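# Fold and contact review
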Amino acid sequence: MQLLIRGGTVVTHEESFRADVLCVDGRIAALGTDLGVPGGTEVVDAGGLLVMPGGIDPHTHMELPFMGTVASEDFYSGTAAGLAGGTTSIIDFVIPNPQQSLLEAFGAWRGWAEKSAADYGFHVAITWWSEQVREEMGVLVREHGINSFKHFMAYKNAIMAADDTLVASFERCLELGAMPTVHAENGELVDHLQRKLLAQGLTGPEAHPLSRPAQVEGEAASRAISIAGTLGVPLYLVHVSTADAVEQIRLARRQGQPVYGEVLPGHLLLDDSVYRHPDWQVAAGHVMSPPFRPAQHQQALWQGLQSGDLQTTATDHCCFCAEQKAAGRDDFSKIPNGTAGIEERMAVLWDEGVNSGRLSMHEFVAITSSNTAKLFNLFPRKGAVRVGADADLVLWDPEGTRLISARTHHQNVDFNIFEGKTVRGIPRHTISQGRLVWCDGDLRAERGAGRYLPRPAWPAVYQQLSQRAAHNRAEPVLR
Ligand code: URQ
Ligand code: ZN
Ligand code: ZN
């Protein structure tokens, strides 16, 4: 299988240059302006287009069983929608039930993900603790290519990890060379405020953000950062949504602590007024956690991306249709939490980030692809346009426009948080494993074409960490 991408401008996280790109058997084989083209090579005209690494979405929940239902997007439809939006790899989540074997849950998710149209990896959530969990983390790292473990500090009485679990699991991550990640909301405060609001008769979606104010994220972020800093382990915070959490990350990084943060386009663009929409379904359709915030938090999130205090963008793609959201018609705490976004992430970030001048196109590549690949040890196989890398590319049309709507999106959900937004800057073509899978509006996703992405332990951040620890302390780094 040979594909020549001709006439484009390659844009990476650090440079841009005119070059044709030859893809052979799923890998990038050559870059240059006068490439010899082997017979039988398919040619894609990239004139006027930017050739960038395919997007990597490090936070999705395809067909997640959650809050009494199952997310409406499965691994095939969700990765296909991602390809339509320029995203060519995802990192999803294995979320064991408390007391469930991690390996058993991992096997289940692996089975569900076999239908994927694009490459996929997993973070594994630590929802309980025991010697068995500790052992199975080691098996997952050594034998299954897991190098990141998720901790939900929210969702009390469900999947919440309390401090004792955080400490034990973070210590284990350090031993294994794995990245601990957190959903930073204080689950005890959320539980208390939910019950208090319901007792006051506030049952509608407007109460959702009131039960999870910014301090709830700021406190949890600070606590997780302190635990990680004390143990000497890196830390990645998912879906950072508040100035409070950005400040905690900034302070830690200024002291040299390896803390990283992810942000969702929804939190960059939307505010908490959505929860006061007169149409219950529209308000409920925006219920996700952490909630969309008062608008003043958005500037801190953009500045976090500009300053490098936040490194990645994701979607937390976790879809529930109207009749699923209706489970919380009389009690907002029962509205399944989650919104879509995998198809729009890159176009929304280009339109609001690059077109506005907030971000350079190199920063765009960094936050949509390369930084994630580096943090989770997929670089340069992913997130790079260089010989030997996977031929996962997006051919970006900076002048193309699209109206975002649930009526036309490829996501398997009947709601779109960016409904009605027109974006300028769209993926004209997407190439996955050297195949043209999105061609100017024609989606050619292939069920089952996606491959599982094992990710080695000890990403570069650990090398930095050990050097820094050795430098900062007389005694050797304790492992
Ligand atoms: O919390 C998460 O990341 C999962 C359960 C998706 N739902 C959400 O509201 N973010
Ligand atoms: Zn979360
Ligand atoms: Zn999530």
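See above for the structure.
Our subject in this report is the structure included herewith. Keep in mind it's a predicted model, so treat the numbers as computed, not measured.

So, how was this worked out
- Just so you know, the residues in each chain are numbered from 1, in the order the chain's sequence is written.
- Each chain is given a letter, starting from A, and each ligand a number, starting from 1, according to the order in which they appear as written.
- For this predicted model, a pLDDT threshold of at least 70 governs which residues receive local features, and a threshold of 80 or more governs which side-chain atom pairs are given and counted, while totals over whole chains, interfaces and linings are taken from all residues.
- To obtain the side-chain values, all non-hydrogen atoms of the structure were used and water was disregarded.
- A 1.4 Å probe that fits into a set of points on a 1 Å grid over the protein atoms alone but cannot get out defines a cavity; an open set with protein on both sides within 12 Å along at least five of seven lines defines a pocket, and lining residues are those with an atom within 4 Å of a point.
- Grid points are joined across faces, edges and corners, and a volume is the space filled by probe spheres set on the points.
- The residue classification treats Ala, Val, Leu, Ile, Met, Phe, Trp, Tyr, Cys and Pro as nonpolar and Asp, Glu, Lys and Arg as charged. All others, Gly included, are polar.
- Any residue with a non-hydrogen atom lying within 4 Å of a molecule or strand is treated as near it.
- Definition of a polar contact: a pair of N or O atoms within 3.5 Å, with one able to donate and the other able to accept a hydrogen when the atoms are protein atoms, and with sequence-neighbouring residues admitted only if both atoms are side-chain atoms.
- Throughout, the Shrake-Rupley method with a 1.4 Å probe supplies accessible areas, and for residues the shown protein chains are the sole cover considered.
- Placement in a cavity or pocket follows one criterion, namely that more than half of the molecule's atoms lie within 2 Å of its grid points.
- Only DSSP runs of H or I reaching four residues or more are called helices, and only runs of E reaching two or more are called strands; each is numbered from the N terminus.
- Buried, partly exposed and exposed residues are distinguished by accessible area as a fraction of the type maximum, computed with a 1.4 Å probe on protein chains only: under 20%, between the cut-offs, and over 50%, respectively.
- What counts as a salt bridge is simple: a side-chain nitrogen of Lys or Arg found within 4 Å of a carboxyl oxygen of Asp or Glu.
- Working rule for helices: expected span equals 1.5 Å times residues minus one.
- Distances up to 2.8 Å from the metal define which N, O and S atoms are donors, and 3.2 Å serves for Na, K and Ca; water is absent from the atom set, so sites may look incomplete.
- Angle rules define the geometry names used: all angles between 85 and 135 degrees makes four donors tetrahedral, while opposite donors over 155 degrees apart and all other angles between 65 and 115 make four donors square planar and six octahedral, leaving every other case irregular.
- For helices, the fitted axis covers only the stretch in contact; all axes are lines through C-alpha atoms, and the angles between them, taken along N-to-C directions, range from 0 to 180 degrees.
- With respect to orientation, any angle under 35 degrees is reported as roughly parallel, any angle over 145 as roughly antiparallel, any angle of 65 to 115 as roughly perpendicular, and every other angle as oblique.
- Left-handed describes a crossing in which the near helix is turned anticlockwise from the far one by less than a right angle; the clockwise case is right-handed.
- Two residues form a contact once any of their heavy atoms are found within 4.5 Å.

## Quick look at empty space enclosed by the protein
Under the criterion given, the structure shown has 4 cavities of 30 Å³ or more. Roughly 130 Å³ of volume is contained in the largest cavity. Taken together, 15 residues make up the lining of the largest cavity; nearest its centre are His 61, Phe 66, Tyr 155, Asp 316 and Asn 337. When its residues are assigned to classes, the lining of the largest cavity shows 8 nonpolar, 6 polar and 1 charged.

## Some remarks on the site of ligand 1
Around ligand 1 lies a shell of 13 residues, among which Tyr 155, His 183, Ser 289, Asp 316 and Asn 337 are the nearest. A distance of 2.7 Å separates an oxygen atom of ligand 1 from a polar backbone atom of Ser 289. Burial of ligand 1 by the protein amounts to 100% of the accessible area it has alone, namely 280 Å². For ligand 1, the cavity whose grid points lie within 2 Å of the majority of its atoms is the largest cavity. Residue composition of the shell around ligand 1, by class: 5 nonpolar, 7 polar and 1 charged.

## Observations concerning unusual backbone geometry
In this chain, Ser 289 is followed by Pro 290 through a cis amide linkage whose omega measures -5°. Within the secondary structure, Pro 290 sits in the loop between helix H9 (280-285) and helix H10 (296-307). Located in the positive-phi region is Gln 99, a residue other than glycine, with phi close to 80°. Tracing the sequence through the fold places Gln 99 in the loop between strand S11 (87-94) and helix H2 (102-113). Accessibility expressed as a relative area gives 60% for Gln 99, which makes it exposed.

## Description of the pattern of salt bridges
Evaluated as defined, the whole model comprises 33 salt bridges. Arg 134 is paired through a salt bridge with Glu 131; the nearest N and O atoms lie 3.9 Å apart. Of this pair, Arg 134 and Glu 131 both sit in helix H3 (residues 131-144), 3 residues apart, roughly one helical turn. Note on Arg 134: relative accessible area 24%, which makes it partly exposed. Between Arg 435 and Glu 446 there is a salt bridge, and its shortest N-O distance comes to 3.7 Å. Of this pair, Arg 435 sits in strand S20 (residues 435-439) while Glu 446 sits in the loop between strand S21 (442-443) and helix H14 (460-472); the two residues are 11 residues apart in sequence, bridging distant segments of the chain. For Glu 446, a relative accessible area of 40% translates into the label partly exposed. The network of salt bridges with shared partners includes Arg 27, Asp 119, Arg 381, Lys 382, Asp 390, Asp 392 and Arg 451.

## Examining H10
Taking 1.5 Å per residue, 12 residues should reach 16 Å; H10 reaches 18 Å between its end C-alpha atoms and fits that length. Directly after H10, the chain includes Gly 308, whose backbone phi takes a positive value near 85°.

## Quick notes on the coordination of the zinc ion (ligand 3)
Taken together, the protein donors to the zinc ion (ligand 3) comprise His 59 (NE2), His 61 (NE2) and Asp 316 (OD), at separations of 2.0 to 2.3 Å. Geometry at the zinc ion (ligand 3) is tetrahedral, judged from the 4 donor atoms that bind it and their angles of 87 to 129° at the metal. As a motif over one chain, the donors of the zinc ion (ligand 3) read H-x1-H-x254-D. A distance of 3.5 Å spans the gap from the zinc ion (ligand 3) to the zinc ion (ligand 2). Of this pair, His 61 sits in the loop between strand S8 (55-57) and strand S9 (65-66) while Asp 316 sits in the loop between strand S17 (312-313) and helix H11 (322-325), and the two are 255 residues apart along the sequence.

## Digging into the coordination of the zinc ion (ligand 2)
The protein atoms donating to the zinc ion (ligand 2) are His 183 (ND1) and His 239 (NE2), with metal-donor distances spanning 2.1 Å. What the 4 donor atoms of the zinc ion (ligand 2) show is an angle range of 56 to 144° at the metal, which sorts the shape as irregular.

## Quick look at the packing of helix H4 (residues 163-176) against helix H6 (residues 214-231)
Each packed pair of helices is defined by two parameters, the angle between the axes and the distance between the axes. Direction vectors running N to C along H4 and H6 enclose 40°, while the axes themselves pass 10 Å from each other. Taken together, the axis directions place H4 and H6 in an arrangement best described as oblique. By crossing handedness, the relation of H4 to H6 is classed as right-handed. Here Asp 163, Leu 166, Val 167, Phe 170, Glu 171 and Leu 174 of H4 lie close against H6, whose contacting residues are Arg 223, Ala 224, Ile 227, Ala 228 and Leu 231. Among the residues making up the contact of H4 with H6, the classes are represented as 8 nonpolar, no polar and 3 charged.

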